[in-house]
Amino acid sequence: MGLPMKKNTTELKKTITSLAKKHGTPLFLISESLLIEQVKKFQTLLPSVNPFYAVKANSHPFVLKILAEYGIGFDVASMQEMEAVLDLGVKPDRIIFANTVKRPEALQFAAQHGVRLMTFDSEYELNKIAKYAPGAHVLIRIKVPNVGSLVELSLKFGAEPTDAIPLLIKAFQMKLKPVGVSFHVGSQSTNEENYLASLEMASMIFNEAKLKQLPLEILDIGGGFPIRHFDQDKDIFSPMSIQIKKELKRLFGPDVQVIAEPGRAFVGPACYLVMQVVGKSIRGNKHWYYLDDGVYGSLSGIIFDHAKYQYHTFRRGVTQITTLAGPTCDSLDIISVSEDMPELEIGDLIYCENIGAYSWTTATNFNGIPPAEVVLIP
Ligand SMILES: Cc1ncc(COP(=O)(O)O)c(C=O)c1O
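Residues numbered from 1 in each chain as written. Predicted model: local features only at pLDDT ≥ 70, side-chain atom pairs only at ≥ 80, totals over all residues. Heavy atoms only, no water.

From N to C terminus, the protein includes eleven helices and 16 strands. Taken against the 2.2 N^0.38 rule, which gives 21 Å for 378 residues, the C-alpha radius of gyration of the protein at 22 Å falls within 12% of a compact globule. If you line up the protein on its principal axes, its C-alpha atoms span 70 × 40 × 40 Å. Taking all 378 residues of the protein together, the buried fraction comes to 54%. Just so you have it, the protein exposes about 16800 Å², and 55% of that area is on carbon and sulfur atoms. Side-chain charges of the protein comprise 38 positive and 40 negative groups, with the mean position of each set lying 3 Å from the other. (Helix = DSSP H or I, 4+ residues; strand = E, 2+ residues; numbered from the N terminus. Rg over C-alpha atoms; globule rule 2.2 N^0.38 Å. Buried < 20%, exposed > 50% of the residue type's maximum accessible area, 1.4 Å probe, protein only. Areas by Shrake-Rupley, 256 points an atom, 1.4 Å probe, with all protein chains shown as cover. Lys, Arg positive; Asp, Glu negative; His and termini not counted. Charge placed at Lys NZ, Arg CZ, Asp CG, Glu CD.)

In structure tokens form, the structure reads like this:
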């Protein structure tokens with residue numbers, strides 16, 4: 001039973017209602033066709049860029065299996081993510097270990113399993129890599145502008161671009177293979193300038209490395225590609241991709257392999273969350289509805305991802321500003337204080353779209369409430 005690609009409320013209501021009846025709620029739906037559609041969109045918009053899916057965005061086995069069978073590469077952040085991907089039969093050369101801070105045992109595991117490509121941003125990390133994964137192929141991750149991104153990553157990661165060449169030379173002296181430059185403009189980067197400035201910075205490092213007899217071959221443009229979270233949001237990625245493509249062509253020769261680490265752009269639009277109203281009250285003249293999932297569950301992206309979602313109901317009628325809250329006993333577990341909704345009843349279904357990334361993955365068991373059941377749909 002699939003969800004229609006085009007919004008058709010009657011059809012959507014029928015599908016969501018029957019899935020909720022069959023499986024109960026909260027229910028986290030992963031759509032195989034929507035996931036593949038996102039991959040194809042990325043490949044169409046950036047045809048010269050080889051995507052390595054960022055497993056951290058959603059590590060559910062359904063997602064990994066679909067992408068592995070489709071032939072996509074993977075960006076892993078830990079030994080556990082690496083193992084999950086290798087167990088699916090993914091060849092080690094389709095994996096990049098793109099956490100700049102790696103545990104020694106994870107590096108040993110990578111070396112034992114032939115995962116050679118990895119990022120770093122300090123000399124301390126280089127020492128560790130040289131010791132536990134000798135001969136690894138390393139990309140220097142540089143600090144780049146993250147202006148306007150939903151999640152800023154340059155706060156925590158990335159070497160100063162001026163330190164890139166000395167660090168790549170150190171890598172070479174440690175008998176590692178310096179192969180390229182990586183960056184991340186921050187997640188849900190709606191500002192194309194972040195990419196354009198980063199490409200310019202990376203190209204300067206490529207040019208300088210060539211002069212130093214250290215020719216680089218891989219450019220990793222990271223993740224951050226934006227998606228639409230709300231019905232009224234514009235598609236920003238499509239026009240942005242035109243500029244990225246132009247700059248890639250202008251700044252890098254055909255001998256440079258360009259890779260990326262999209263997470264949200266692949267899995268975000270591929271998933272739905274279906275919840276149910278399990279409680280209702282009037283507090284301060286306002287309707288409050290308590291749902292069976294919240295910020296400790298699949299809506300954890302509200303906290304960890306700074307995300308906002310659009311909440312849909314099938315009920316119609318006069319709307320009023322209402323509060324939606326989660327099911328736990330913590331007052332932090334408030335989903336939204338300003339949803340314009342008709343009066344709801346206990347048992348009503350509420351659903352969100354575009355909730356595939358940084359959601360189910362960060363859900364907890366707080367209050368003994370298990371994360372939403374995950375169901376794969378066509
Ligand atoms: C190193 C790295 N690569 C890729 C990603 C995926 O980013 P996004 O989901 O914005 O595409 C992240 C997200 O935090 C990251 O830290």
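Okay, empty space enclosed by the protein next. Rolled over the atoms, a probe as big as a water molecule pinpoints where empty space is left. Per the counting criterion, the structure on display carries three cavities of 30 Å³ or more. The volume enclosed by the largest cavity comes to roughly 60 Å³. Considering the residues around the largest cavity, the lining is formed by 13 residues, among which D293, Y296, G297, P327 and I369 are closest to the centre. Of the residues in the lining of the largest cavity, the class split is six nonpolar, four polar and three charged. Counted as a void, the second largest cavity has a volume near 50 Å³. Lining the second largest cavity we find A98, T119, R141, S182, F183, H184, D220, G222 and E261. Taken together, the residues of the lining of the second largest cavity break down into two nonpolar, four polar and three charged. (1 Å grid on protein atoms, 1.4 Å probe; cavity = no way out; pocket = protein on both sides within 12 Å on 5 of 7 lines; lining within 4 Å. Points joined across faces, edges and corners; volume = space filled by probe spheres on them. Nonpolar A, V, L, I, M, F, W, Y, C, P; charged D, E, K, R; others polar.)

Read around the closed barrel, the eight strands follow the order β2-β3-β4-β5-β6-β7-β8-β9; overall the barrel is parallel. Adjacent strand axes in the sheet meet at a mean angle of 30° when their direction is disregarded. Where strand β5 (residues 117-120) meets strand β6 (residues 137-141), four bridges bridge the pair, whose relative direction is parallel. Pairing of M118 across the sheet is with V138, part of β6. (Pairing = 2+ DSSP bridges. Axes fitted to C-alpha atoms, helices over the stretch in contact; angles between N-to-C directions.)

Here we come to the packing of helix α8 (residues 192-211) against helix α9 (residues 237-251). Closest axis-to-axis distance for the α8/α9 pair is 10 Å, and the angle between their directions is 10°. It follows from the interaxial angle that α8 and α9 lie roughly parallel. In this structure, α8 contributes E192, Y195, L196, L199, E200 and S203 to the contact, and α9 contributes P239, M240, Q243, I244, E247, L248, R250 and L251. A per-class count over the contact of α8 with α9 returns eight nonpolar, two polar and four charged. (Parallel < 35°, antiparallel > 145°, perpendicular 65-115°, else oblique. Contact = heavy atoms within 4.5 Å.)

Let's shift gears to the nonpolar core. By size, the foremost hydrophobic cluster in this structure holds 111 residues, and its most contacted members are Y53, F74, F183, L219, I221, F225 and Y311. Of the domains in this structure, domain 1 (9-29 + 270-377) and domain 2 (32-267) are the two that each give at least three residues to this core. Residue contacts for Y53: discarding those within four places in its chain leaves N58, V63, L64, L67, I72, G73, F74, D75, P262, G263, F266 and V267. In terms of nonpolar packing, the next biggest core, distinct from the first, is built from eight residues, I96, V179, I218 and I259 among them. (Core = buried A, V, L, I, M, F, W, Y, C linked by side-chain atoms within 4.5 Å. Domains from an automatic or database assignment.)

This part covers helix α5 (residues 104-112). What sets the pattern is the α-helix's 3.6 residues per turn: residues three or four places apart point alike. For α5, the full list of buried residues reads A106, L107, F109 and A110. In an axial view of α5, the angular spread of the buried residues amounts to 160°, which keeps them on one side of the axis. Each element contacted by the buried residues of α5 is listed here: α4 (79-86), β4 (95-97), β5 and α6 (123-132). (Arc of directions from axis to C-beta.)

A word on the packing of helix α2 (residues 32-45) against helix α3 (residues 61-70). Interaxial distance between α2 and α3 falls to 11 Å at its minimum, and their mutual angle equals 45°. Taken together, the axes of α2 and α3 are oblique relative to one another. The crossing of α2 and α3 is right-handed. Where α2 approaches α3, its residues E32, L35, I36, V39, K40 and Q43 are matched on the opposing element by V63, I66, L67 and Y70. Looking at side-chain class alone, the contact of α2 with α3 contains seven nonpolar, one polar and two charged residues. (Left-handed = near helix turned anticlockwise from the far one by under 90°.)

So, about the site of the ligand. Taken together, 16 residues form the shell around the ligand, and within it S187, G224, E261, R264 and Y358 come nearest. With respect to the ligand, the side chain of D75 contributes an N or O atom lying 3.1 Å from a nitrogen atom. Taken together, the residues of the shell around the ligand sort by class into five nonpolar, six polar and five charged. (Near = heavy atom within 4 Å. Polar contact = N/O pair within 3.5 Å; in protein donor to acceptor, adjacent residues only side chain to side chain.)

We now examine the UniProt feature "domain: Orn/DAP/Arg decarboxylase 2 N-terminal" (unreviewed entry) in the protein. According to UniProt, the feature "domain: Orn/DAP/Arg decarboxylase 2 N-terminal" (unreviewed entry) maps to residues 35-268 in the numbering used here. Between the C-alpha atoms that bound residues 35-268 there is a distance of 9 Å. The span itself is 41% helix and 15% strand. (UniProt positions renumbered as here; feature names shortened; annotations may be inferred.)

So, on to unusual backbone geometry. The step from T25 to P26 runs through a cis peptide bond, and the omega angle for that step is -5°. Among the structural elements, P26 can be located in the loop between α1 (9-23) and β1 (27-31). The phi torsion at Q188 lies on the positive side, around 55°, for a residue other than glycine. We classify Q188 as buried; its relative accessible area is 9%. Phi is positive for Y358, which is not a glycine, with a value near 50°. For Y358, the position within the fold is in the loop between β15 (349-352) and β16 (373-377). The buried category is assigned to Y358, whose relative accessible area is 18%.

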